Amino acid sequence: MCIRDSAKVMRAVLALSAFPRLRGHVVAEVRDVDNAENVRLVSRHPIECVVANDAIGRMMINCARQPLLASVLQELLGFEGDEFYLRHWPALVGKTFRELVEGDLLEGAVAVGLRRRDGAIELDAVDATIREGDEVIVIAEDDDTYGLREAPAPRSAPKARAESPAGGSSTPSARTCSLVGSSDPQHYLFLGWRNDIADMVAYLDEVAPPGSQLTIAAPLPIRDRDEQMVADGRGRRGPLRRLSLRHVVDTVVSRAALERLPLDTCDAVLILSDQGTEDPHHADSLALATLVLVRDVQRRGPRHAGRHDGEPLEEQVSSRSWTSRGRGRRASPGPGDGELLEERVSSASRGSRGRRLGGDGEPLEAQLSRSSTSSLANDRTPSLPLPGAGRNGACAVVTELRDISLQRNVRSSGLADCDFVASHELVARIVAMVSERAEVSPILDTLLDAAGPSLLIVPATKYVAPGAVATFRDVAVAALDHGDVAIGTLLDGADLVLNPRDKISAPRAWSPDDSVAVIAAQPA
């Protein structure tokens with residue numbers, strides 16, 4: 001599917017190349033990152049490629065690791081709120097980025113980084129010096145709503161308060177608990193399938209702590225999964241380094257099937273819109289049904305705890321690569337190598353129960369449960385708790401929906417507490433933004449790169465003491481000392497505010513319930 005769609009894009013770009021006097025730049029949406037270079041080769045005009053699937057997959061993983069991040073992306077990737085702008089200011093040449101923030105030299109905007117004269121994007125330029133030809137990257141309402149101050153705005157040190165404000169909650173919830181920065185192994189659960197799932201697995205393998213696990217549950221057979229992941233370039237990536245991968249072949253819209261999954265021990269659940277379903281409304285209905293069932297199982301627990309019909313035969317086959325080569329043999333992974341362990345579950349005699357093949361002394365297991373929807377009532381595989389999972393105290397759920405109107409309806413109905421990623425809507429927004437200003441494309445690429453700075457939601461108490469009275473500018477200056485660039489706030493659990501308009505005029509007492517949206521390097 002990706003190859004066919006990319007071929008159509010290449011033909012369209014090639015047709016545009018027949019117009020040598022075409023002004024402006026071309027924006028092409030491609031499904032797979034491997035096809036972007038092919039599209040660029042046939043274009044004689046400046047072109048920006050938006051890799052839709054890759055961008056959405058990474059956004060979903062980031063939102064699962066950082067609850068409330070979806071609201072930041074929703075705000076940035078659109079024309080209704082604040083967005084990225086770039087401009088060269090000759091008066092700022094020779095000044096440092098820190099001076100820019102400390103003096104609040106840009107009125108009506110928050111500075112987030114620099115674009116160097118050679119086009120390099122620096123979003124972690126905390127102490128960098130602005131040189132001739134450099135552009136300052138800001139978040140502002142519009143390109144004519146911000147400007148340069150004639151003199152730095154005066155500031156005073158934050159004032160301490162005798163007592164911390166009441167009402168702070170010390171218990172993490174699924175909406176506030178972050179997986180970023182934790183060194184404990186984590187367990188992720190994907191419900192459903194995407195054509196670019198190999199890219200999602202590779203990205204998660206880069207950002208998750210060592211020893212983490214990923215379980216993928218979907219009705220797609222393993223043979224078809226292998227074919228899709230190999231076609232997606234999995235063989236060129238090498239072995240998984242931090243993740244153990246577990247496949248489960250089963251429906252995800254059955255309570256009985258979900259009860260067999262380790263929902264009580266996983267740290268994050270991603271519900272994927274089934275791309276094999278051509279009707280987006282039907283795919284959204286399946287995703288919504290899965291969401292409601294997941295939240296109900298988490299809230300009330302399994303209806304028949306401890307009761308499982310049928311006797312499963314467990315068979316593990318380990319491999320140092322993503323492929324399932326060597327099935328039925330024991331492999332010997334080297335130190336630090338990721339591994340794919342597969343468990344085939346079927347009806348068998350009681351005498352075969354519990355037989356396990358695979359490496360001894362492994363810190364984590366990964367199994368593949370194989371069943372069919374027609375035998376759900378007779379083949380109940382117990383949910384397997386995983387060592388190291390669920391240590392973060394809460395489980396974030398991120399659901400992909402194609403129709404944004406359904407997202408609004410679910411939120412207003414209060415059916416489920418969840419972050420949503422409206423994939424089609426976000427792709428359209430990215431394409432529109434890049435169409436208007438091509439320079440935004442490398443900024444978004446940098447933010448979604450596992451090796452670069454990322455959008456993070458961190459407690460305000462990282463920068464100011466609980467109860468301290470300070471302005472947003474004071475918090476932003478303190479954030480620079482940690483190498484972070486503050487861009488907005490989430491106060492008292494309220495909605496996100498990017499580029500606060502009262503950043504120097506409205507001091508407040510910061511509580512443990514307050515959070516700050518920042519651009520920063522992901523903690524190792």
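Note that the coordinates shown come from a computational prediction; the quantities given were computed from them, not determined experimentally. (Residues numbered from 1 in each chain as written. Predicted model: local features only at pLDDT ≥ 70, side-chain atom pairs only at ≥ 80, totals over all residues. Heavy atoms only, no water.)

> It is not clear to me how helix 9 (residues 280–300) should be interpreted in this structure. Could you clarify?
Since one α-helical turn is 3.6 residues long, residues separated by three or four positions face the same way. The terminal C-alpha atoms of helix 9, which comprises 21 residues, lie 30 Å apart, in line with the 30 Å expected from a rise of 1.5 Å per residue. Of all the positions in helix 9, only Ala-283, Asp-284, Ala-287, Leu-288, Thr-290, Leu-291, Val-294, Arg-295, Asp-296 and Val-297 are classed as buried. Immediately downstream of helix 9, the backbone of Gly-301 shows phi near 80°, a positive value. (Helix = DSSP H or I, 4+ residues; strand = E, 2+ residues; numbered from the N terminus. Expected span 1.5 Å × (residues − 1). Buried < 20%, exposed > 50% of the residue type's maximum accessible area, 1.4 Å probe, protein only.)

> Looking at this model, I keep getting lost on the side chain of Asp-134. Mind explaining?
Examined against the element boundaries, Asp-134 turns out to sit in the loop between strand 6 (121–122) and strand 7 (135–140). Taking relative accessible area as the criterion, Asp-134 reaches 2% and is therefore assigned buried. Polar contacts involving the side chain of Asp-134 include one to the main-chain amide nitrogen of Arg-117, which spans 3.1 Å. Apart from residues no more than four positions distant in its own chain, Asp-134 is found in contact with His-88, Arg-115, Arg-116, Arg-117 and Thr-129. (Polar contact = N/O pair within 3.5 Å; in protein donor to acceptor, adjacent residues only side chain to side chain. Contact = heavy atoms within 4.5 Å.)

> Which parts of the structure should I look at to understand the sheet that holds strand 18 (residues 454–459)?
Pairing between sheet strands relies on hydrogen bonds along the backbone, with the strands arranged either parallel or antiparallel. Here we have four strands laid out as an open sheet, ordered 18-23-20-21, and antiparallel in their pairing. In the strand order of this sheet, the two ends are held by strand 18 and strand 21 (497–498), each with one partner. Pairing between strand 20 (residues 485–490) and strand 21: two bridges, direction antiparallel. Counterpart to Gly-488 in the pairing with strand 21 is Leu-498. (Pairing = 2+ DSSP bridges.)

> So what exactly am I meant to see when it comes to the packing of helix 3 (residues 52–65) against helix 11 (residues 423–436) here?
Each pair of packed helices gets described by two things: the angle between the helix axes and the distance between those axes. The contact between helix 3 and helix 11 brings their axes to 10 Å, and the two run at 120°. In this view, helix 3 runs oblique relative to helix 11, as classed from their interaxial angle. At the point where helix 3 passes helix 11, the crossing takes the right-handed sense. Residues Ala-52, Ala-55, Ile-56 and Met-59 of helix 3 touch helix 11, and the partners they reach there are Ser-423, Leu-426, Val-427 and Ile-430. For the contact of helix 3 with helix 11, a count of residues per class yields seven nonpolar, one polar and no charged. (Axes fitted to C-alpha atoms, helices over the stretch in contact; angles between N-to-C directions. Parallel < 35°, antiparallel > 145°, perpendicular 65-115°, else oblique. Left-handed = near helix turned anticlockwise from the far one by under 90°. Nonpolar A, V, L, I, M, F, W, Y, C, P; charged D, E, K, R; others polar.)

> What should I look at first to understand the sheet that holds strand 5 (residues 109–115) in this one?
Pairing within the open sheet is antiparallel, and its four strands lie in the order 3-7-5-6. Taken across any chain shown, the strands that pair with only one partner, and hence form the sheet edges, are strand 3 (83–87) and strand 6. Two strands pair when backbone bridges link them, and strand 5 and strand 6 are joined in this way by two bridges, in the antiparallel orientation. Bridged to Arg-115 within strand 6 is Ile-121. Taken strand by strand, helix 12 (residues 440–448) contacts strand 3, strand 6 and strand 7, and its axis lies near 125° from that of strand 3.

> How should I be thinking about the confidence of the model for the protein in this particular structure?
As a note on interpretation, predicted positions should not be read in detail where pLDDT is low. With 73% of its residues at a pLDDT of 70 or more, the protein shows a mean pLDDT of 75. Within the model, pLDDT remains below 50 along residues 161–176, and this stretch shows 30 contacts once partners closer than five positions in the same chain are excluded. Considering only residues more than four positions removed or in separate chains, one finds that residues 305–321, a stretch of pLDDT under 50, has 67 contacts. (pLDDT = per-residue confidence, 0-100.)

> Mind showing me how you'd approach the packing of helix 3 against helix 4 (residues 69–76) here?
Viewed as axis vectors pointing N to C, helix 3 and helix 4 meet at an angle of 140°, and their least axial separation amounts to 8 Å. Compared by their axis directions, helix 3 and helix 4 come out oblique. Taking contact as the criterion, the partners of Met-59, Asn-62 and Cys-63 in helix 3 are, on helix 4, Leu-69, Ala-70 and Leu-73.

> Please explain unusual backbone geometry as it appears in this structure.
Outside of glycine, negative phi angles account for most residues, and trans bonds account for most peptide bonds. The backbone of Asp-104 shows a phi angle near 45°, a positive value even though the residue is not glycine. Taking relative accessible area as the criterion, Asp-104 reaches 5% and is therefore assigned buried.

> Which parts of the structure should I look at to understand the pattern of salt bridges?
Close approach of charged atoms allows side chains of opposite charge to pair. Tallying each qualifying case throughout the model produces 24 salt bridges. The closest approach of N and O atoms between Arg-98 and Glu-102, which form a salt bridge, is 4.0 Å. With Arg-98 and Glu-102 both in helix 5 (residues 97–102) and four residues apart, this pair spans about one turn of that helix. With relative accessibility at 17%, the residue Arg-98 sits in the buried group. When the shortest N-O distance is used, the salt bridge between Asp-104 and Lys-503 registers 2.8 Å. Here Asp-104 is found in the loop between helix 5 and strand 4 (106–107), whereas its partner Lys-503 is found in the loop between strand 21 and strand 22 (508–509), with 399 residues between them in sequence. In this structure, a network of salt bridges that share partners links the residues Arg-98, Glu-102, Asp-127 and Asp-481. (Salt bridge = Lys/Arg side-chain N within 4 Å of Asp/Glu carboxyl O.)

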